[in-house]
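These are the residues of each chain, in order.
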Amino acid sequence: MNEYDSNRILDLTKKINYTPTKTLSEANCYILNTCHIREKATDKVYHDIGRIKKEFRNKIKPIVIVTGCVAQAEGDILLKKEKYIDAVIGPQSYHQIHDTILKLEKKKPQLNFTEFDVIEKFDKLNSFKNSDNKISSFLTIQEGCDKFCKFCVVPYTRGPEYSRSLKEILLEANQLVNNGAKEITLLGQNVNAYNFESKKLSDIILEISKIKNLKRIRYTTSHPSDFSKDLIDAHKNCEKLMPLVHLPVQSGSNKVLRAMNRKHTIEEYLKIVEKLIEFRPNIKFSSDFIIGYPTETYEDFQQTLKLMENLKFINSYSFIFSARPGTPAYNLKMISEKEAKERLIEFQTLADKIKINYRKELINKNTKVLFENKVKNESKYFGRDEYFNSVIVESKNNLIGKIKDIKILTVNQNTLFGEIVSNLNQTNYAA
Ligand code: SAM
Ligand code: SF4
C-alpha cells in the first residue's frame, strides 16, 4: 500500500511541477514515505535524514517531509527531535502534500498533518488521475482496520476500516488499464472486509473483470475471518482472478491465535483452504507468520511448523514478534531473543525447503507469464506467472504487456528461468 500511496503522492506533486530526480543530490524536496509495522522504521527515518543532511552540508536546505505510518504514530516526537524535518503527514492526510510543499517554499514553521480524514483524502485523490503506467498496478479499495490484533499498529496508524465506492474504483481501474495496466492488485489492510453500500470484494472483482484489456486480478491482504462464500465463489467463476491467495495465519496454535486476538481458529482457516481447493483445484497459498509471540511455547511453535508442512505455502513472510508502542502486546513478557531467533531460523529453513521443492517441480512444466519489463542491458524479459513467481526469459521480440506460455528450464529461490513455448507444444501446465 505504501507503493500505491507513493505513486499517488507523485501524482499530487506533479501538479505543482515537482518531478522525481535520478540522484539524491539533485532534489530540492525529500518525501520519506514510511512503514511502522515493525521496529527500526523510526531509526531508518533518522538515518535517511542524516544522509540528506550530509549531502546538503554548506548548501541550501531542501524541504524534508515524512509521510506514512511513522509520521502518524510518532509525528510530534519526530518534529521535536529533528528540526531538519519540515512537515509530518499521516497516511490519511497526504492529499494535502502539494499545498504543504507550496507553504514550505514560503518558509512556514514545521507543519503536522495527522488527522484521519480518509473521506476527504479519497475525494481529493479522485480529482487527480492515477498516472501509474505499469503493466501490473495497485489500486487501493479499502483502508484501515477494526480487528485490533494485539500486536499490530495498523488500527492506530491507518485508522478505522473505510471502503471506497464502486464508482471511484471503476473509474481508477479504467484509468490504469487505459495507461497500459494488464493486471490490477486490489489493496486493503483487510481487503476482504471491503463493504460499500452492501457491495463486497467479490462484486468489485466481477465488475473490474469486465474491463476488456484487463487480463489479471489479484487482491491483498485478506483476513481469514472475512473470507466469505461469495469470495470463494469468485475464485470459481472469475477466470481473471489469479489462483494464488495470500492469507495470513500468523501461528499454527489456537492458543496463540487467541492470545493475539486473531478472531479465527486453525480449523476455520483450514476450512477456507479446503473450500477454495474444492472450487479451484489449482489454487495455491502464501501466508504471514509471527514467530515468538509472547506466551508461544515450543509446542505452540511446533504446531506452526506442522501447519507449514501440511499446507506447503509456496511463499511465506515470517518475522519475530516486534513489540510496537501503543499496542496491547507492547508490555507483554517477551520470550528470550535467542529462543525467538532459533525458532525463526527453524521455521525459515522449512519454508525455504518447501519453496525450493515446489519450484523444482515446475521444471519442464509450462506456465503463463505476463511480462512487465525488460532486464537492463540484456535481451531478457521479466514477468510473473499466475502464482506471482518471478520469471525471466530471453527474447529478441518485445514481450512487455504480453502473456506467453513459458516452459521452465531452471529455478532458484527467487526466480524461474524459461523459454517461450511454440504454439504447437502447449501441454503439461504447472498447477
Ligand atoms: N491484515 C492482515 C491480516 O491480519 O491478516 C495483515 C496485514 S499486516 C499490515 C502485515 C503483516 O505484518 C501481518 O500479517 C503480520 O504477520 C506482520 N506484523 C504486524 N505486526 C507485527 C508485529 N508487531 N511483529 C511482527 N510482525 C508483525
Ligand atoms: Fe493488523 Fe491485520 Fe490484525 Fe488488522 S487484521 S490489526 S491489519 S494484523
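Residues numbered from 1 in each chain as written. Chains lettered and ligands numbered in written order. Predicted model: local features only at pLDDT ≥ 70, side-chain atom pairs only at ≥ 80, totals over all residues. Heavy atoms only, no water.

**Some points on the overall build of the protein**
On a plain count of helices and strands, the protein comes out with 13 helices and 19 strands. On C-alpha atoms alone, the protein measures out to a radius of gyration of 23 Å, which is about the 22 Å that the 2.2 N^0.38 rule sets for 431 residues. Dimensions along the principal axes, computed over C-alpha positions, put the protein at roughly 65 × 55 × 45 Å. Counting across all 431 residues of the protein, residues that qualify as buried make up 52%. Pairs at least 24 residues apart make up 72% of the contacts formed inside the protein by residues separated by at least 6 positions. In the structure as shown, the protein presents an accessible area of about 20800 Å², 51% of it carried by carbon and sulfur atoms. For the protein, the separation between the mean place of its 69 positive charges and that of its 54 negative charges on side chains is 4 Å. (Helix = DSSP H or I, 4+ residues; strand = E, 2+ residues; numbered from the N terminus. Rg over C-alpha atoms; globule rule 2.2 N^0.38 Å. Buried < 20%, exposed > 50% of the residue type's maximum accessible area, 1.4 Å probe, protein only. Contact = heavy atoms within 4.5 Å. Areas by Shrake-Rupley, 256 points an atom, 1.4 Å probe, with all protein chains shown as cover. Lys, Arg positive; Asp, Glu negative; His and termini not counted. Charge placed at Lys NZ, Arg CZ, Asp CG, Glu CD.)

**Some remarks on the packing of helix 12 (residues 298–311) against helix 13 (residues 337–361)**
As a packed pair, helix 12 and helix 13 sit with axes 10 Å apart at the nearest point and diverge in direction by 10°. On the basis of their axis angle, the class for helix 12 and helix 13 is roughly parallel. Residues Tyr298, Phe301, Thr304, Leu305, Met308 and Glu309 of helix 12 form the contact with helix 13, whose own contacting residues are Arg343, Glu346, Phe347, Leu350, Ala351 and Ile354. Per-class residue counts for the contact of helix 12 with helix 13 are eight nonpolar, one polar and three charged. (Axes fitted to C-alpha atoms, helices over the stretch in contact; angles between N-to-C directions. Parallel < 35°, antiparallel > 145°, perpendicular 65-115°, else oblique. Nonpolar A, V, L, I, M, F, W, Y, C, P; charged D, E, K, R; others polar.)

**Let's talk about the site of ligand 2**
Every residue near ligand 2 is listed here: Cys145, Lys147, Phe148, Cys149, Phe151, Cys152, Val154, Pro155, Asn190, His223 and Arg262. Residues that form the shell around ligand 2 fall into these classes: seven nonpolar, two polar and two charged. (Near = heavy atom within 4 Å.)

**What about the domain arrangement of the protein?**
Here the domain parsing of the protein yields domain 1 (2–116), domain 2 (120–357) and domain 3 (366–420). Each partner contributes to the interface: domain 2 provides 16 residues, whereas domain 3 provides 15 residues. For the pair domain 2 and domain 3, the two sides together bury roughly 1400 Å², of which 60% comes from carbon and sulfur. Together, Ile135, Arg216 and Ile356 form the three largest contributors to the area buried by domain 2 at its contact with domain 3, with a combined 38%. For the side of domain 2 that touches domain 3, the secondary structure elements donating two or more residues are strand 11 (216–220) and helix 13. Its residues assigned to classes, the side of domain 2 that touches domain 3 comprises six nonpolar, two polar and eight charged. (Domains from an automatic or database assignment. Buried area = accessible area lost by both parts, 1.4 Å probe.)

**Describing the pattern of salt bridges**
Within this structure, the stated rule accounts for 27 salt bridges. Of the charged contacts in the structure, one is a salt bridge between Arg343 and Glu296, with a shortest N-O distance of 2.8 Å. Here Arg343, found in helix 13, pairs with Glu296, found in the loop between strand 13 (284–291) and helix 12; they are 47 residues apart in sequence, far enough to count as distant. Exposure remark for Glu296: the relative accessible area of 3% places this residue in the buried category. The shortest N-O distance in the salt bridge between Lys338 and Glu342 comes to 3.0 Å. Of the two residues, Lys338 and Glu342 both sit in helix 13, four residues apart, roughly one turn of that helix. Look at Glu342 and you get partly exposed, because its relative accessible area is 43%. One network of salt bridges, with partners in common, ties together Asp5, Lys121, Glu143 and Arg158. (Salt bridge = Lys/Arg side-chain N within 4 Å of Asp/Glu carboxyl O.)

**Quick word on the nonpolar core**
Judged by nonpolar contacts, the single largest core of 61 residues is most densely connected at Ile184, Leu186, Leu201, Ile205, Ile208, Tyr219 and Phe227. In contact with Tyr219, other than residues within four places in its own chain, are Thr185, Leu186, Val191, Leu201, Ile205, Phe227, Leu231, His235, Leu241 and Val245. Within the second largest apolar cluster, 22 residues are counted, among which are Leu12, Ile65, Leu125 and Tyr162. (Core = buried A, V, L, I, M, F, W, Y, C linked by side-chain atoms within 4.5 Å.)

**As for the side chain of Asp385**
By the element assignment, Asp385 lies in strand 16 (residues 380–385). Buried and unpaired, Asp385 has no salt bridge, with Arg218 as the nearest side chain of opposite charge at 5.8 Å. With residues up to four places along the chain from it excluded, the contact list for Asp385 reads Arg216, Arg218, Thr367, Lys368, Val369, Val391 and Leu416.

**Some thoughts on helix 3 (residues 69–81)**
For helix 3, with 13 residues, the first-to-last C-alpha span of 17 Å sits near the 18 Å given by 1.5 Å per residue. In helix 3, a bend of some 80° at Gly75 exceeds every other bend along the element. Within helix 3, the full set of buried residues consists of Cys69, Val70, Ala71, Gln72, Glu74, Gly75, Leu78 and Leu79. The inward-facing, buried residues of helix 3 abut strand 1 (29–34), helix 2 (41–55), strand 2 (63–68), strand 3 (87–89), strand 4 (111–113) and helix 6 (154–157). (Expected span 1.5 Å × (residues − 1). Bend = angle between axes of the 7 residues up to and from the residue.)

**Some remarks on the environment of Asn364**
Relative to the helices and strands, Asn364 is located in the loop between helix 13 and strand 15 (366–374). On the basis of relative accessibility, which here comes to 45%, the residue Asn364 falls in the partly exposed class. Residues Asn364 and Thr410, 46 residues apart in the sequence, show an inter-C-alpha distance of 8.4 Å.

**Some words on the sheet that holds strand 15**
Sheet strands line up and pair through hydrogen bonds in the backbone, either parallel or antiparallel. Ordered by their spatial adjacency, five strands build a closed barrel running 15-16-17-19-18, and the pairing between neighbours is mixed. Each adjacent strand pair in this sheet contributes to an overall mean axis angle of 50°, direction not counted. Note that strand 17 (residues 390–394) and strand 19 (residues 415–420) share four bridges and pair parallel. From the neighbouring strand, Val393 faces strand 19, where its bridge partner is Gly418. (Pairing = 2+ DSSP bridges.)

**Notes on the pairing of strand 13**
In terms of burial, strand 13 is a largely internal element, seven of the eight residues being buried. Relative to strand 13, strand 12 (residues 244–246) is paired through three bridges, and the arrangement is parallel. Bridge pairing links Val245 to Phe285 in strand 13. With six bridges joining them, strand 13 and strand 14 (residues 315–320) adopt parallel strand pairing. The residue of strand 14 that forms the bridge with Ser287 is Ser316.

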